Amino acid sequence: MRAKKFAGASAAGIASVALVLGGTGVAGALPGAGSLGSLSGSIGGGDQCGTTTVVTPEDLVDLNQDEDERKVSVGTWYTPGDENPATIGESTDDAHGTGVLNFKQSDKGTSLYQASDLKLSDLVVDGAPLPIEYTYTATDGASSDSNTPALQIRVLGASTIDNGNGFATIVWSPQPADGKWGTAAPKADDGTFWVTKNIVNADEETELAKGSPATLAKIVELNPDATILGIGVQQTRDNDSTAVAVDTFTLGCQTTDFEATAPGPVPTAQCGVRQPCTPTGTSPTIEIRSITRFCGK
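Model, not experiment: these values are computed from the prediction.

Analysis parameters
- Residues numbered from 1 in each chain as written.
- Predicted model: local features only at pLDDT ≥ 70, side-chain atom pairs only at ≥ 80, totals over all residues.
- Heavy atoms only, no water.
- Helix = DSSP H or I, 4+ residues; strand = E, 2+ residues; numbered from the N terminus.
- Buried < 20%, exposed > 50% of the residue type's maximum accessible area, 1.4 Å probe, protein only.
- Contact = heavy atoms within 4.5 Å.
- Phe/Tyr/Trp six-rings, centres within 6.5 Å; stacked < 30°, edge-to-face > 60°.
- Lys NZ or Arg CZ within 6 Å of the ring centre and 35° of its normal.
- Core = buried A, V, L, I, M, F, W, Y, C linked by side-chain atoms within 4.5 Å.
- Pairing = 2+ DSSP bridges.
- Salt bridge = Lys/Arg side-chain N within 4 Å of Asp/Glu carboxyl O.

S.K.: Would you mind going over the overall build of the chain with me for this structure?
M.R.: Looking only at helices and strands, one finds one helix and 23 strands in the chain. The burial tally for the chain puts 48% of its 297 residues in the buried class. For the chain, the share of sequence-separated contacts (at least 6 apart) that also reach a separation of at least 24 residues comes to 68%.

The structure is reproduced here in structure tokens:
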């Protein structure tokens, strides 16, 4: 397994920036990076709403078959051991920065998920899904069973009888891309979510059959105890689309930007002082609004 530390962190302290670099790795997350917290307000107690996290190839974690994804640190982008890892490659145009997340057809499915500590119920607010969207492209295959790349939410504690831990995956597919870039964003009344297992009631009677379409709110209602392992995107094993890619992924008010290389250097700020900054050497499409540096002894 490849585990990378949080970019910009050191024994001397942690830099918290409006543009955050890197992921949190595996077990033993750094302070301030251990919880997704309120996706409409903060991460791990720090005010990072509206920020963009740049993730590069070194930040991705590819688990081995026998490694437990429950031990992956919250916020880390990872691929479980039974699936093929999506990879970050160089972008072919300036509109998508230095890189995009690439997928390919595989008999295991190709995927990438962000480890989460959220409850499934956190994804629905006042009956509507928390904003989830990603920019994507694909050249659709002739025999694709569904459009790609699909949004997937891996959960434990679902109301199933197929296994002891209630593992299931919730799936939603975007519109065909036809080789163009678009934005996938399910709406409140979107009734095309489905679950990979039968969802049952207390009497073990099926409430929602495997593969049956429903709104996310309905699925949440039927699985009150479910928690999220990871949320991300997958090109399913039955999908033969080509040139499948994702540029950015947004959950709530927090966006991940997949890049082949990290932005240029961030200027040093005084310890404990939050100040605006305009660093040199960064992409003109990325704005770093402020930086706070916390210094240790």
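S.K.: It is not clear to me how the packing of aromatic side chains should be interpreted in this structure. Could you clarify?
M.R.: Any two aromatic rings considered together are summarised by their centre-to-centre distance and by the angle between their planes. In this structure the tally under the stated criterion is six aromatic pairs. Their ring planes at 80 degrees and their centres at 5.5 Å tell us that Trp-77 and Phe-249 sit as a pair that is edge-to-face. A residue pair is termed long-range when its members are at least 10 positions apart, and Trp-77 in strand β5 (residues 77-79) and Phe-249 in strand β20 (residues 242-251) qualify at 172 residues. Residue Phe-249 is classed as buried on the basis of its relative accessible area, which comes to 2%. For the cation-ring pair, Arg-154 lies above Tyr-113, with the distance from its terminal atom to the ring centre recorded as 5.2 Å.

S.K.: Honestly, the side chain of Thr-148 in this entry has me stumped. Any pointers?
M.R.: Mapped onto the elements, Thr-148 comes out in the loop between β12 (132-139) and β13 (150-156). The exposure class of Thr-148 is buried, given its relative accessible area of 1%. Once you skip the residues sitting within four places of it in the chain, Thr-148 turns out to touch Tyr-136, Ala-138, Pro-174, Gln-234, Gln-235, Thr-236, Asn-239, Ser-241 and Val-244.

S.K.: Hey, could you run me through unusual backbone geometry in this one?
M.R.: Leave glycine aside and you will find that most residues have negative phi; peptide bonds, for their part, are mostly trans. Not every positive phi belongs to a glycine, and Asp-178 is a case in point at roughly 55 degrees. For Asp-178, the location among the structural elements is in the loop between β14 (168-172) and β15 (182-184). Given the relative accessible area of 61%, Asp-178 is considered exposed. Although it is not a glycine, Glu-204 sits at a positive phi angle of roughly 60 degrees. Note on Glu-204: relative accessible area 54%, which makes it exposed.

S.K.: Explain the nonpolar core to me, please; I cannot follow it from the model alone.
M.R.: Most often, soluble globular proteins have nonpolar side chains that are buried together. Within the largest apolar cluster, 44 residues are counted, with the highest numbers of intra-cluster contacts made by Leu-123 and Phe-249. Of all the secondary-structure elements, those providing two or more residues to this core are β8 (99-103), β12, β13, β14, α1 (216-222), β19 (227-235) and β20. For Leu-123, the contacting residues outside a window of four places in its chain are Leu-118, Ala-128, Pro-129, Leu-130, Ile-153, Leu-216, Ile-228, Ile-231 and Leu-251. Of all hydrophobic cores here, the second largest spans eight residues; its members include Val-61, Leu-63, Val-72 and Leu-156.

S.K.: What should I look at first to understand the pairing of β12 in this one?
M.R.: Here is the key point about a regular strand: its side chains alternate between the two faces of the sheet. For β12, the tally of buried residues reaches six of eight residues, placing the bulk of the element in the interior. Note: β12 against β20, six bridges, orientation antiparallel. Bridge pairing in β20 links Glu-133 to Thr-250. Examined bridge by bridge, β12 and β15 share three bridges and lie antiparallel to one another. When the bridges of β15 are listed, Tyr-136 appears paired with Gly-182.

S.K.: Explain the pattern of salt bridges to me, please; I cannot follow it from the model alone.
M.R.: Pairing is possible between side chains of opposite charge, provided their charged atoms come close. One pass over the structure, following the stated rule, counts four salt bridges. Here Arg-70 and Asp-68 are joined by a salt bridge, their closest N and O atoms 2.9 Å apart. Of the residues examined, Asp-68 reaches a relative accessible area of 28% and is grouped as partly exposed. One salt bridge connects Glu-83 with Arg-154, and the closest N-O pair in it is separated by 3.1 Å. In this pair, Glu-83 is assigned in the loop between β5 and β6 (84-85) and Arg-154 in strand β13, connecting sequence segments 71 residues apart. Here the two residues Glu-83 and Arg-154 agree in accessibility, since each one is buried. Connected via shared salt-bridge partners are Glu-69, Glu-83 and Arg-154.

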